[in-house]
Amino acid sequence: MATPPPSPVGAEEEGARELLYEAYNELQALAAELGGAAGAPAVVVVGHQTDGKSALVEALMGFQFNHVGGGTKTRRPVALHLRFNPSCDAPRCRLFTGPGDGDEDAGVASRPMPLADIQAYIEAENIRLENDPCQFSEKEIVIKVEYKHCPNLTIIDTPGLILPAPGRKNRVLQSQASAVESLVRAKIQHKETIILCLEDCSDWSNATTRRVVMQVDPDLARTVLVSTKLDTKIPQFARPSDVEVFLHPPTCVLDVSLLGDCPFFTSVPSGRVGSCHEAVFRSNEEFKKAISSRELEDIASIEDKLGRPLTTQEKDRIGVGNLRLFLEELLRKRYIESVPLIIPLLEKEYRNATRKLREISQEISDLDEAKLKEKAQLFHDSFLTKLSLLLKGMVVAPPDKFGETLLNERINGGTFTGSENFQLPNKMMPNAGMRLYGGAQYHRAMAEFRLVVGSIKCSPITREEIVNACGVEDIHDGTNYSRTACVIAVAKARETFEPFLHQLGFRLLYILKRLIPISVYLLEKDGESFSHEVLVRRVQAAFKRFAESTEQSCRERCMEDLESTTRYVTWSLHNKNRAGLRHFLDSFVAPEQLAVNTLHEQSPGLNDNKQDRAKGDAKPNHSSDTNSPSPVPEARLVDLLDSTLWNRRLVPSSERLVYALVHQIFHGIKEHFLVTTELKFNCFLLMPIVDKLPALLRQDLESAFEDELDSIFDVTQLRQSLGQKKRELEIEVKRIKRLKEKFGVINKKLNSLQVRQ
């Protein structure tokens with residue numbers, strides 16, 4: 001009996017489906033080059049290193065191709081475009097290696113490659129990245145596979161998530177874990193993505209992988225949840241009720257709109273395919289049969305634990321085969337639903353690419369000296385405008401890319417620390433956790449300087465410092481404690497404040513230099529960038545030189561002020577006023593007790609005669625006039641002079657007096673230092689950026705035009721560079737146009753089929 005011919009509608013539908021798969025394959029490759037602007041639906045596999053992620057991907061593919069085991073086996077995402085082809089008895093693979101190598105018309109080089117060579121290529125990439133500082137790469141390894149056991153799927157295998165141990169010893173692993181998590185989040189952020197979330201646990205309340213996935217997909221609305229290694233979990237359940245809870249998680253645990261309503265459960269038989277004696281399977285067919293057998297064994301084991309047969313709905317959730325059918329149908333629906341949405345995105349990309357091509361063509365035609373000078377002048381003016389706006393304040397530059405928290409600013413620009421390594425806690429600084437740049441960051445740094453220096457107190461004064469500071473006068477051998485206090489105060493002030501001056505200059509210079517990359521970003525964003533890299537680098541270098549020389553000049557001015565206030569003590573400046581000093585002295589010794597304390601503090605052996613004289617003088621004189629002044633204050637004054645001027649023995653009252661004077665002088669120097677330093681940095685560092693930098697850059701630009709025009713505008717090299725960009729853009733425009741037309745044809749066919757049905 002002859003085989004009936006295929007239905008015209010069925011054949012047309014099959015043709016449209018094949019065209020759809022091919023178009024999405026090409027779109028996926030294009031999306032990687034365009035930064036995901038027109039992303040195609042794909043299944044992204046997310047799981048931890050021990051969740052059986054790579055083994056499940058191989059089971060879905062129908063053959064083994066990657067290394068499976070402990071540790072990091074995937075350091076670059078692997079995008080697998082799988083197509084079912086019953087005529088391929090062995091996997092037929094093509095590796096896409098990026099634009100510019102090979103098929104120039106397609107823009108992406110793709111070449112047939114044996115499976116063993118692809119395995120070697122992936123392994124070589126893992127080794128390369130293992131020795132690279134970044135350890136991981138977001139760039140996908142794109143492979144197209146046709147095979148009789150393949151589903152029609154696009155699967156992206158991501159690096160396994162890492163759960164590092166806490167502690168300083170594991171900082172390297174913690175850094176790798178953070179990098180992998182960021183990479184995975186970037187891969188699953190597109191709304192077209194279907195997330196295959198793998199959990200290796202027997203308790204659904206343990207959401208190790210879901211914790212990462214739900215940061216991007218909070219409701220799991222586009223997530224398929226899979227419990228791996230089912231064959232190892234079944235023996236762990238002691239009661240049928242435990243199995244029921246595992247198969248049907250309560251809503252309090254999974255209170256989300258999960259794709260497929262319930263989780264899937266899979267097992268992959270252990271063992272590798274090969275001809276060596278360690279291999280368990282001799283061919284991919286044996287591996288495929290083992291997967292099917294494992295599904296039946298898992299169903300039988302669960303039914304035995306439950307004591308009842310599984311329903312059809314429950315069986316549809318168990319096994320790699322059922323997961324594969326579900327994903328294939330889900331992806332096909334997403335493909336069809338996305339076609340009307342993809343066409344406008346491709347239209348937008350086509351317009352952007354065409355506009356860039358026109359701009360490149362115009363730039364090539366404008367390669368003459370007069371127009372180049374005009375463009376350079378426009379770039380100069382635009383650069384200065386962006387700098388001014390950044391200092392005045394703006395929100396166009398993204399803070400997550402260019403802003404810095406106070407912690408990051410301290411790491412990169414230095415901290416304000418004195419001799420005692422005091423550092424202001426972050427919580428005491430306003431806006432410490434905010435990512436700032438430009439004028440806002442400058443203001444925060446200056447505010448931190450004020451708070452840190454303002455909280456500094458004079459370091460402790462030792463008795464040895466006081467005695468050594470007394471020295472010998474040039475006309476007498478008495479002690480001058482006011483001079484002693486000045487000597488100690490200015491020495492300690494100079495030692496304390498000079499490091500802060502250098503730290504402030506370094507920090508503010510770092511903040512100003514950060515304006516350069518932000519300004520370049522703003523110029524590119526507004527389409528005002530300049531293609532002559534030599535001139536751009538020259539302008540940037542001129543700004544850095546100006547900022548460095550201005551900061552040095554400003555710091556030298558501040559040093560002159562600090563030297564003047566620590567070289568000669570002016571009591572009107574350092575003491576501020578008499579009342580302040582009296583209050584300060586009162587905090588250490590009461591004036592009426594000063595002389596009395598002095599009398600008790602003298603050594604009895606050395607000054608007995610003086611004390612006796614004082615006592616004798618202190619007796620009342622009955623023969624004198626009752627209105628005559630009392631000699632007691634005079635005696636006490638003599639004893640005070642004896643203890644402070646004539647005696648070298650340091651008594652507590654003298655020590656307290658010096659201590660009070662030193663602190664008062666130190667406080668006066670600190671206040672003067674804070675005011676003058678902030679004022680000078682604002683006037684002689686910040687203001688010149690606004691009013692002197694434009695003239696300097698303009699002068700440098702005119703000098704470049706006169707002396708080094710040929711080296712700045714290398715027209716021959718520039719013409720070659722622009723020509724290469726033009727050719728690449730022409731290829732890109734051609735690819736997008738062809739893909740746009742292909743999706744237009746697909747959309748018409750799908751609409752036609754819907755009308756007929």
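What counts and what doesn't
Residues numbered from 1 in each chain as written. Predicted model: local features only at pLDDT ≥ 70, side-chain atom pairs only at ≥ 80, totals over all residues. Heavy atoms only, no water. Helix = DSSP H or I, 4+ residues; strand = E, 2+ residues; numbered from the N terminus. Buried < 20%, exposed > 50% of the residue type's maximum accessible area, 1.4 Å probe, protein only. Contact = heavy atoms within 4.5 Å. Areas by Shrake-Rupley, 256 points an atom, 1.4 Å probe, with all protein chains shown as cover. Polar contact = N/O pair within 3.5 Å; in protein donor to acceptor, adjacent residues only side chain to side chain. Core = buried A, V, L, I, M, F, W, Y, C linked by side-chain atoms within 4.5 Å. Expected span 1.5 Å × (residues − 1). Bend = angle between axes of the 7 residues up to and from the residue. Disulfide = S-S within 2.5 Å. Phe/Tyr/Trp six-rings, centres within 6.5 Å; stacked < 30°, edge-to-face > 60°. Lys NZ or Arg CZ within 6 Å of the ring centre and 35° of its normal. Lys, Arg positive; Asp, Glu negative; His and termini not counted. Salt bridge = Lys/Arg side-chain N within 4 Å of Asp/Glu carboxyl O. Axes fitted to C-alpha atoms, helices over the stretch in contact; angles between N-to-C directions. Parallel < 35°, antiparallel > 145°, perpendicular 65-115°, else oblique. Left-handed = near helix turned anticlockwise from the far one by under 90°. Nonpolar A, V, L, I, M, F, W, Y, C, P; charged D, E, K, R; others polar. pLDDT = per-residue confidence, 0-100. Pairing = 2+ DSSP bridges.

(A) Fine view of the overall build of the chain. In terms of helices and strands, the chain carries 27 helices and 9 strands. Counting every position in the chain, which comprises 757 residues, the buried fraction comes to 45%. Here the analysis covers contacts within the chain between residues at least 6 apart in sequence; of these, 81% occur between residues at least 24 apart. For the chain, the exposed surface amounts to about 38700 Å²; the carbon and sulfur share of it is 53%.

(B) Spotlight on the side chain of Glu 409. Mapped onto the elements, Glu 409 comes out in helix H13 (residues 406-413). Here the side chain of Glu 409 touches Gln 441 through a polar contact of 3.2 Å, side chain to side chain.

(C) Region of the structure containing the environment of Val 142. Its place among the elements puts Val 142 in strand S5 (residues 141-147). Overall, Val 142 belongs to the buried group, its relative accessible area being 9%. Between the C-alpha atoms of Val 142 and Val 78, which are 64 residues apart in sequence, the distance is 6.1 Å. Here Val 142 is in contact with Ala 79, His 81, Arg 94, Leu 95 and Phe 96, once residues within four sequence places are set aside.

(D) Structural detail: the nonpolar core. Formed by 67 residues in total, the largest nonpolar core has its most connected members in Phe 449, Phe 497, Leu 508, Val 662, Phe 681 and Leu 693. Among the secondary structure elements, those contributing two or more residues to this core are helix H11 (369-392), helix H14 (438-454), helix H15 (463-470), helix H16 (481-513), helix H17 (515-525), helix H18 (533-565), helix H24 (652-691) and helix H25 (693-707). Setting aside its immediate chain neighbours within four residues, Leu 508 contacts Tyr 442, Ala 445, Met 446, Phe 681 and Leu 685. Counting residues in each nonpolar core, the second largest holds 40 residues, with Leu 56, Val 78, Ile 194 and Leu 323 among its members.

(E) Focus on H24. Over its 40 residues, H24 runs 57 Å from end to end, which matches the ideal 58 Å to within 8%, given 1.5 Å per residue. The largest bend in H24 amounts to roughly 25 degrees and is located at Asn 682.

(F) Representation of the state of the cysteines within the structure. Summed over all chains, the structure comprises 0 disulfides. Not part of a disulfide, Cys 93 finds its nearest cysteine sulfur in Cys 150, a span of 8.1 Å. With no disulfide partner, Cys 197 has as its closest neighbouring cysteine sulfur the one in Cys 201, 9.3 Å distant.

(G) Focus on the packing of aromatic side chains. All told, the structure shown has 13 aromatic pairs when counted by the stated rule. Measuring from centroid to centroid gives 5.1 Å for Phe 497 and Phe 673, while their planes differ by 20 degrees, and the two rings are stacked. Here the residue Phe 497 occupies a position in helix H16, and Phe 673 occupies one in helix H24, the gap between them amounting to 176 residues. Clustering of aromatic rings is evident, with ring pairs tying together Phe 416, Phe 449, Phe 497, Phe 666 and Phe 673. Across from the ring centre of Phe 416, 4.5 Å away, lies the NZ or CZ of Arg 507, which sits over that ring.

(H) Fine view of unusual backbone geometry. Phi at Lys 229 takes a positive value of approximately 55 degrees, unusual for a residue other than glycine. Position of Lys 229 among the secondary structure elements: in the loop between strand S8 (223-227) and helix H6 (230-233). The partly exposed category is assigned to Lys 229, whose relative accessible area is 31%. One non-glycine residue, Asn 431, lies in positive phi territory at about 60 degrees. Among the residues examined, Asn 431 registers a relative accessible area of 42% and is labelled partly exposed.

(I) Spatial organisation of the side chain of Asp 217. For Asp 217, the location among the structural elements is in the loop between helix H5 (208-213) and S8. Here Asp 217 is buried and forms no salt bridge, its nearest opposite-charge partner Arg 222 lying at an N-O distance of 4.5 Å. For Asp 217, the side chain forms a polar contact with the main-chain nitrogen of Ala 221, separated by 3.1 Å. Once residues lying within four places of it in the same chain are set aside, the contact partners of Asp 217 are Ile 195, Arg 222 and Thr 223.

(J) Region of the structure containing the packing of H16 against H24. Two elements in contact, H16 and H24, have axes separated by 8 Å at closest approach and are oriented at 25 degrees. In terms of their interaxial angle, H16 and H24 are classed as roughly parallel. Judged by the twist between their axes, the crossing of H16 over H24 is right-handed. Looking at the contact of H16 with H24 residue by residue, the classes come out as 22 nonpolar, 6 polar and 2 charged.

(K) Fine view of the confidence of the model for the chain. When the pLDDT values of the chain are averaged, the result is 78; 75% of them are 70 or greater. Low pLDDT (under 50) marks residues 1-9, which in the prediction has 2 contacts with non-local residues, meaning those over four places away or in another chain. Here residues 588-629 is modelled with pLDDT under 50, and outside its nearest four sequence neighbours on either side it reaches 36 contacts, counting other chains as well.

(L) Quick look at the pairing of strand S2 (residues 78-84). Within S2, 6 of the 7 residues are buried, leaving the element largely enclosed by the surrounding structure. Judged from the 7 bridges that link them, S2 and S5 form a sheet pairing that is parallel. Residue pairing in the sheet places Leu 82 in a bridge with Val 145 of S5. Where S2 lies against strand S6 (residues 153-157), 5 bridges are found, and the strand directions are antiparallel. Bridge pairing in S6 links Ala 79 to Ile 156.

(M) Spatial organisation of the pattern of salt bridges. Following the criterion strictly, the structure yields 32 salt bridges and no others. Between Arg 514 and Glu 404 there is a salt bridge whose closest N-O contact spans 3.8 Å. Residue Arg 514 is found in the loop between H16 and H17, and its partner Glu 404 is found in the loop between helix H12 (399-402) and H13; the two are separated by 110 residues along the sequence. The same class applies to Arg 514 as to Glu 404, namely buried. In this structure, Glu 548 and Lys 513 form a salt bridge, with 2.6 Å as the shortest nitrogen-oxygen distance. On the criterion of sequence distance, the pair formed by Glu 548 in helix H18 and Lys 513 in helix H16 is long-range, its members being 35 residues apart. Here the salt bridges do not stand alone but share partners, grouping Glu 409, Arg 410, Arg 444, Glu 448 and Arg 507 into one network.

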